[in-house]
Amino acid sequence: MRRPVAIVTALVLFGEAVGIVLINAVLATVAENQNMSLAGLDPDAMSTGTWVMGGVSGLLLVLCGLVALLAGARDRAPGRFGRVALIGCAVVHGVLGAVTVGLVGWSAFAFMMLVLALLVLTLLAYGPVTRAEDGAGDGAGPAAARTAQQPSAGAAAGLGPTAP
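Residues numbered from 1 in each chain as written. Predicted model: local features only at pLDDT ≥ 70, side-chain atom pairs only at ≥ 80, totals over all residues. Heavy atoms only, no water.

Description of the side chain of T9
Position of T9 among the secondary structure elements: in helix α1 (residues 2-34). A relative accessible area of 1% places T9 in the buried class. A polar contact of 2.7 Å, which involves the side chain of T9, links it to the backbone oxygen of V5. Those residues in contact with T9, other than ones at most four positions away along the chain, are A68, L118, L119 and T122. (Helix = DSSP H or I, 4+ residues; strand = E, 2+ residues; numbered from the N terminus. Buried < 20%, exposed > 50% of the residue type's maximum accessible area, 1.4 Å probe, protein only. Polar contact = N/O pair within 3.5 Å; in protein donor to acceptor, adjacent residues only side chain to side chain. Contact = heavy atoms within 4.5 Å.)

Shown next, in the form of structure tokens:
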């Protein structure tokens, strides 16, 4: 079940990246055509900033989509950087979901929460392995760890704890 979730998450993030770039392209074009300043800010700076924001946002969404796609294709958990990227993407979707409810409406909120749910499902499905699954319970650990768990001879004889 975790492979399809990761692949669907990746596809949704790729689609969202295209949408974000297109929305920012429209906003940059409108800002450029208006030729009005906002609090004394140069209209060209506003247009350029919107283009850059769209490109960077799209690139980050594609990066997160690639992390999810690789996790689904390999059926392995993403590395530390990948998990941090997916967690950051999930946090951003949660915050933007709260903002979009008031600015855009409930349908945008529902979409953001759907993407958030897919990201969280992907992170949970490829969570860290438990101690029993990674072979730590079969006595393969270091000798110091095994002897630290065994009581000392004095404690076993009922003489109380002994100094290490």
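Here's the deal with the packing of helix α2 (residues 43-74) against helix α3 (residues 80-103)
Packing of α2 against α3 leaves a shortest axis separation of 9 Å and a crossing angle of 125°. In terms of axis orientation, α2 runs oblique to α3. Regarding α2 and α3, the two cross each other, and that crossing is left-handed. Between α2, through L61, L63, C64 and V67, and α3, the contact on the second element is made entirely by F81, G82, A85, L86, C89 and H93. (Axes fitted to C-alpha atoms, helices over the stretch in contact; angles between N-to-C directions. Parallel < 35°, antiparallel > 145°, perpendicular 65-115°, else oblique. Left-handed = near helix turned anticlockwise from the far one by under 90°.)

With respect to the environment of L11
Note on placement: L11 falls in helix α1. The class of L11 is exposed, set by a relative accessible area of 54%.

A look at the pattern of salt bridges
Applying the stated rule across the entire model yields one salt bridge. Ionic pairing is found between D75 and R2, a salt bridge with its closest N-O pair at 3.0 Å. Separated by 73 residues along the polypeptide, D75 in the loop between α2 and α3 and R2 in helix α1 bring together distant segments of the chain. On the accessibility criterion, D75 (29% relative accessible area) is partly exposed. (Salt bridge = Lys/Arg side-chain N within 4 Å of Asp/Glu carboxyl O.)

So, the packing of aromatic side chains
Counted according to the given criterion, the structure contains one aromatic pair. Between the aromatic rings of W106 and F109, the centroid separation amounts to 5.5 Å while the plane-to-plane angle is 85°, which identifies the pairing as edge-to-face. Of the two residues, W106 and F109 both sit in helix α4 (residues 106-125), three residues apart, roughly one turn of that helix. (Phe/Tyr/Trp six-rings, centres within 6.5 Å; stacked < 30°, edge-to-face > 60°.)

Digging into the packing of α1 against α4
At a minimum axis separation of 9 Å, α1 and α4 run at an interaxial angle of 140°. Considered as vectors, α1 and α4 are oriented oblique to each other. For α1 against α4, the interelement crossing comes out left-handed. Facing R2, V5, A6, V8, T9, V12, L13 and E16 of α1, the residues of α4 in contact are F111, M112, V115, L118, L119, L121, T122 and A125.

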